[in-house]
Each structure stands twice: as structure tokens, then as C-alpha cells.
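The lines below spell out each chain.
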Amino acid sequence: MDVHCRIVAADASWARLPELLSGEREIFVVYDKNVAWVAQEVSSCLTVKGSIAICTSEESKTLETVQAIERALLQADATRGALLLAIGGGITSDLAGFAAAIYKRGIRYANIPTTLLSQVDAAIGGKTGVNLDGYKNMLGAFHMPEFTCLCPAVLSTLPAREFRAGVAEMLKTFLLADAEAYAAAVQLFADTKTPLLVSGQPQNERQDTETGVLVSELIAKAAAIKAAIVEEDPTEKGSRAVLNLGHTFGHAIEQQAQVKGDDIMHGEAVAMGMIMAARLSEAAAVAQQGLARRLEQDFAQTGLPNRCPYPVQSLLEAMAKDKKAAGGKVKFVLPVRPGEVVLKEMSVDQAYDLYLHTK
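First, a word on what this report is: a plain description of the structure on this page. Since we're looking at a predicted model, the values are computed, not measured. (Residues numbered from 1 in each chain as written. Predicted model: local features only at pLDDT ≥ 70, side-chain atom pairs only at ≥ 80, totals over all residues. Heavy atoms only, no water.)

## Comments concerning the side chain of histidine 266
(1) Moving on: Positionally, histidine 266 belongs in helix α10 (residues 266–283).
(2) Moving on: Within polar-contact distance, the side chain of histidine 266 engages the side chain of glutamate 169 at 3.1 Å.
(3) Moving on: When residues no more than four places from it in sequence are discounted, the contact partners of histidine 266 are Leu117, Lys136, Glu169, His247, His251 and Glu254. (Helix = DSSP H or I, 4+ residues; strand = E, 2+ residues; numbered from the N terminus. Polar contact = N/O pair within 3.5 Å; in protein donor to acceptor, adjacent residues only side chain to side chain. Contact = heavy atoms within 4.5 Å.)

## Description of the packing of aromatic side chains
(1) Moving on: Counting across every chain of the model gives three aromatic pairs.
(2) Moving on: Ring plane angle 45° and centroid distance 5.9 Å describe the contact between phenylalanine 249 and phenylalanine 332, whose orientation is recorded as tilted. Here phenylalanine 249 is found in helix α9 (residues 247–260), whereas its partner phenylalanine 332 is found in strand β9 (residues 329–337), with 83 residues between them in sequence. Each of the two residues, phenylalanine 249 as well as phenylalanine 332, counts as buried. (Phe/Tyr/Trp six-rings, centres within 6.5 Å; stacked < 30°, edge-to-face > 60°. Buried < 20%, exposed > 50% of the residue type's maximum accessible area, 1.4 Å probe, protein only.)

## Considering unusual backbone geometry
(1) Moving on: The phi dihedral of glutamate 236 is positive, around 55°, even though this residue is not glycine.
(2) Moving on: Relative accessible area serves as the criterion here: at 21%, glutamate 236 is assigned to the partly exposed category.
(3) Moving on: At alanine 285, a position not held by glycine, the phi torsion is positive, near 60°.
(4) Moving on: Position of alanine 285 among the secondary structure elements: in the loop between α10 and α11 (291–301).

## Considerations on the nonpolar core
(1) Moving on: Counting residues in hydrophobic clusters, the biggest one holds 96 residues, and the most contacted among them are Trp14, Leu85, Ile87 and Met170.
(2) Moving on: In terms of residue count, the dominant contributor to this core is α10 (ten residues).
(3) Moving on: Dropping the residues within four chain positions of it, isoleucine 87 is found in contact with Val29, Val30, Tyr31, Asp32, Val35, Val38, Ala39, Val42, Thr92, Ile112 and Thr114.
(4) Moving on: Within the second largest apolar cluster, 21 residues are counted, among which are Ile54, Ile69, Ala78 and Ile91. (Core = buried A, V, L, I, M, F, W, Y, C linked by side-chain atoms within 4.5 Å.)

## Focus on the environment of leucine 188
(1) Moving on: Topologically, leucine 188 is positioned in helix α7 (residues 179–191).
(2) Moving on: In this structure, the C-alpha to C-alpha distance between leucine 188 and glutamate 59, residues 129 residues apart in sequence, is 33 Å.
(3) Moving on: Not counting residues up to four positions away in its chain, the partners in contact with leucine 188 are Thr211, Leu214, Val215 and Leu218.

## Some words on the pattern of salt bridges
Here the idea is simple: oppositely charged side chains can pair when their charged atoms come close.
(1) Moving on: What the rule picks out here adds up to 16 salt bridges.
(2) Moving on: We note a salt bridge from arginine 108 to glutamate 24, for which the minimum N-O separation is 2.6 Å. With arginine 108 in strand β5 (residues 108–113) and glutamate 24 in the loop between α1 (17–20) and β2 (27–32), this residue pair connects regions lying 84 residues apart in the sequence.
(3) Moving on: Taking relative accessible area as the criterion, arginine 108 reaches 26% and is therefore assigned partly exposed.
(4) Moving on: Across the pair lysine 136 and glutamate 254 runs a salt bridge, and its minimum N-O distance is 3.5 Å. Remark: glutamate 254 occurs in helix α9 and lysine 136 occurs in strand β7 (residues 135–142); sequence separation between them is 118 residues. As far as the burial class goes, lysine 136 and glutamate 254 line up, both buried.
(5) Moving on: Several salt bridges share partner residues, and in doing so they unite Asp121, Glu169, Lys172 and Lys226 into one network. (Salt bridge = Lys/Arg side-chain N within 4 Å of Asp/Glu carboxyl O.)

Written out as C-alpha cells, the structure is:
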């Protein structure tokens, strides 16, 4: 398995794409219908053999959607030499990557992520998959993309809430390995009311341009951190598990939200999950008292939710069924301080007992 996470930068003109895909004779595009305009711009630069539009939601992140992609490839006579180009957010890269992993026992794919969350996290690292019976990513495969192409310009049309959900994943990455970048991101996104980015066109105000440059730099830094962690442990046998900071609680929150019909985005669930992980870390005497409170304040400043709406006990069943649980135990990622985390294995009952004693 190729373990290299190739991250490339692009501008709004997509001038690098023909070079990156030089010699490719079978390019198939899978794109989220919400970003059809990006797919159209990208396709105009390339010779594309076929395009497949998909609807993206947690409810459509299923084997049925993957099968629809497979059928489209089959009907277009796609060979094992084909390359699938995924354009969209994390759900798109998960679906397209999984489809590529299993079509004719594996074809290549590449990612053009169009959300902040996917640019700093979901589209990097080769994790692909779909949900099963409401449980996140229960079916999937490790399948590394040929490259992930980052173009911050496409983020300028993101709704503010979706942009902030991506900020949560960025903050998670910096909590793992870069305290200075974490503090800089909190300050930037607390001061920035809207996601102002460099779009390849002159900005109306100098301040907007400077903000866009800073956002682009933080995206590149977060992407590089994740790529380095993945390359060290591509199939999550050990150290890559730190990337799950906030996700053990977060996935359980998402599962509860789906059951109850509540509207909670993945990044929002991860934000709440990181604070819960910090509280557990304090209770386990891993983190100093006050870390969870600091994260609460930081996330509130950036517009992220910082309170889980569900009782901790209601999350236990989902946590026990999480795909990462083994032998009745879960490997929790516990923050020590910004820039440092540890892995600690415990049962969900042990975690709950500790959590009851948090302040």
C-alpha cells in the first residue's frame, strides 16, 4: 500500500490539474450536486470520460450510493486503469474513495475537497467508508488517494456554519501537535465574522486579503500535520489513533442526533466531543484542571457549540458499538494540553465512572 499522502496546492484557475493528471485517459468525476460549479470548472480543464453526480448526507452515505457509482462506472466501461476524481466534502471523498477501493478490486482516485473540514481532515489519509444502520463508517477500506488538491478559493461560498464545522477539525489537529497554531487559529476565527478567503481576485479591503492568506496558511499547516501522522501509521495500528480526538464522543453524539432527528453537523459533534474528552482527561489525572474550561471558552469564541445536549449515559451504547471498540474497551484520545495528547484504553463503564466525578 502506498502510504504517501500527497498534498498539492491549486488556485482558482485550476492551472495545475492538467499537469497533475497528464497522461490520464480515463478520468471519471464523482461530485456533490451542491458544488456542480466546481465540477464544471475542473472538468473544463481536463478530458473527462464521465461524470457522476451524487447527493451527500449522512443518510445517503450508504452502500446503495456506492453501488450507484459502481454501476455508472460499469456502464461507462471503466477499466482498472481508470482514475476517479472526487469533488466535494468529506462524504464525497468517503463514498468515492470506497467505490474506487472495491471497483474491479481497486482503481485509483484523487480528491478535490470543497469544504474546510475535508481540506484539513476528511480528504487526507485514505480512510473511506459508509454508514450502516446509523453507525458511522462501519463499512470501509484504507485506500490512499493519488493526491489531495487544496484550493482555498472554493471555500468562499461556504455557509458560515459549515465553515465553522471545519474550524473544529482544524483546531483538533492543532491540539494534537501545534500549540502555537491552535492559539493563532482561535484568535483568527474569533475575530473573523465571516470566512474571508483569497479567491484569486483582488479583495475590496486589504484586511480581507490578509485574513484570507492567514486562513490558507492554517489550512496548509493542518493538512501537513495530518499527512505526517497518517504516513507514520497508515492503517491505524497505533499512533494514527490520535486523530480520533473528540470522535469517540462525537460519533456517539451524531448517532443520538440521527435517532432523535436533531441537526448536528460532524464538526460540531467533534467540538463537543473534544471538550468531553478534556473533562475525562482531567478526571483521569492526565490533564491539568481547567483544560476543558479553556476549550469551552475557545470554542465559544469561534462560534462552535461547547455543550453536549445528551446525557453522557445515553452515549454509552453507541460508544460500545463504535468500530474502534475492542474487547469491551475503547481507546480514548485524551488531551494533556494544547499540542499534546495521550491514548488511554478503558471500558465505557470506567469512562462513565470517571466522568461522573468531573466538575
